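Residue-level listing of the chains:
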Amino acid sequence: MATIFSKIIAGEIPSYKVAEDDKFYAFLDINPLVKGHTLVVPKKEVDYIFDLEDDELAEMHVFAKSVALAIQKAFPCKKVGEAVIGLEVPHAHIHLIPIQNESDMLFSNPKLSLTSDEFSSIAQSINKIWADSKK
Ligand code: AMP
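In what follows, the accompanying structure is described. (Residues numbered from 1 in each chain as written. Predicted model: local features only at pLDDT ≥ 70, side-chain atom pairs only at ≥ 80, totals over all residues. Heavy atoms only, no water.)

Re the packing of aromatic side chains
Short version of the rule: Planes of paired rings set the category: under 30 degrees apart is stacked, over 60 is edge-to-face and the rest tilted, where pairs are Phe, Tyr or Trp rings (Trp by its six-membered ring) whose centres lie within 6.5 Å. Secondary structure elements are taken from DSSP: a helix is a run of H or I of four residues or more, a strand is a run of E of two residues or more, and numbering for both begins at the N terminus. Each residue is assigned to one of three classes by its accessible area relative to the maximum for its type, calculated with a 1.4 Å probe on protein chains only: buried under 20%, partly exposed between the two thresholds, exposed over 50%.
If you walk through the whole model with that rule in mind, you get 6 aromatic pairs. With a centroid separation of 5.9 Å and an interplanar angle of 65°, the aromatic rings of Phe 63 and Trp 130 are classed as edge-to-face. Note that Phe 63 is positioned in helix α2 (residues 54-74) and Trp 130 in helix α3 (residues 116-133), a separation of 67 residues in sequence. Overall, the relative accessible area of 9% leaves Trp 130 in the buried class. Every member of this aromatic cluster is reached through a ring pair, and the members are Phe 5, Tyr 25 and Phe 27.

Quick look at the structure:
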């Protein structure tokens, strides 16, 4: 059975898309720790990120880097932190989180409650910068 992230990639479930190429898809985490919290997933359905082939893992990180740079421009921060957990959704994904402090990365923190308009506006602002970086 397809994972929820495969359904998102296929457009069967809505998402706030941030970036996409032929192998990877990036969209806003629906329970964000901070504004700009983004997930990067491979279109290939693999549960555990370290089951990806070496070249796939490397390409995923290069794609994540391009998204992280766009996030940082849209949401000025000290750094964009990267985390991999994957205990909830069995489809490999990287969390990209704009951070000012180490505590911004704590998954036990309360999540932001954003409106659909806010999610859309965040996704559009990151996507515009990301798309411009690819020109
Ligand atoms: P984990 O597998 O532990 O890395 O957590 C999965 C992450 O995916 C959580 O941060 C969820 O908020 C996020 N998530 C789950 N379903 C969706 C969805 N439909 N759209 C966006 N993010 C989601």
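Observations regarding the site of the ligand
For clarity, the threshold we go by: Any residue with a heavy atom lying within 4 Å of a molecule or strand is counted as near it. Here a polar contact means two N or O atoms within 3.5 Å. Within protein one must be a hydrogen donor candidate and the other an acceptor candidate, and residues neighboring in sequence count only if both atoms are side-chain atoms. Accessible surface is estimated by sampling points in the Shrake-Rupley manner with a 1.4 Å probe; for residues, cover comes only from the protein chains shown. All residues other than Ala, Val, Leu, Ile, Met, Phe, Trp, Tyr, Cys, Pro, Asp, Glu, Lys and Arg, Gly among them, are scored as polar; the first ten of these are nonpolar and the last four charged.
Taken together, 16 residues surround the ligand, and among them Asp 29, Asn 31, Glu 88, His 93 and His 95 come closest. In this structure, His 95 approaches the ligand through a side-chain N or O atom, which is 2.8 Å from an oxygen atom. When the ligand is considered free in solution it has 500 Å² of accessible area, and contact with the protein chains removes 87% of it. Taken together, the residues of the shell around the ligand sort by class into 10 nonpolar, 4 polar and 2 charged.

Some remarks on the sheet that holds strand β3 (residues 38-42)
Put simply, the test is: A pair of strands is considered paired only if DSSP assigns at least 2 bridges between the two. Between N-to-C directions, angles span 0 to 180 degrees; the directions come from axes that are lines fitted to C-alpha atoms, helices contributing only their stretch in contact. Working rule for contacts: check all heavy atoms of both residues, and any pair within 4.5 Å makes them a contact.
Spatial ordering of the open sheet is given by β1-β2-β3-β5-β4, a layout of 5 strands whose pairing is antiparallel. Both edges of this open sheet fall to β1 (17-20) and β4 (79-83), since each of them pairs with a single strand only. Looking at each pair of strands side by side, their axes are set apart by 20° on average, direction ignored. Here 5 bridges tie strand β2 (residues 24-28) to β3, and the two strands are oriented antiparallel to one another. By the bridge assignment for β3, Phe 27 is matched with Leu 39. Its contacts with the sheet put α2 on β1, β2, β3, β4 and β5 (94-99), and the angle it makes with β5 is roughly 25°. On top of the sheet, α3 reaches β1, β2 and β3; it is set at about 25° to β1, its chief contact.

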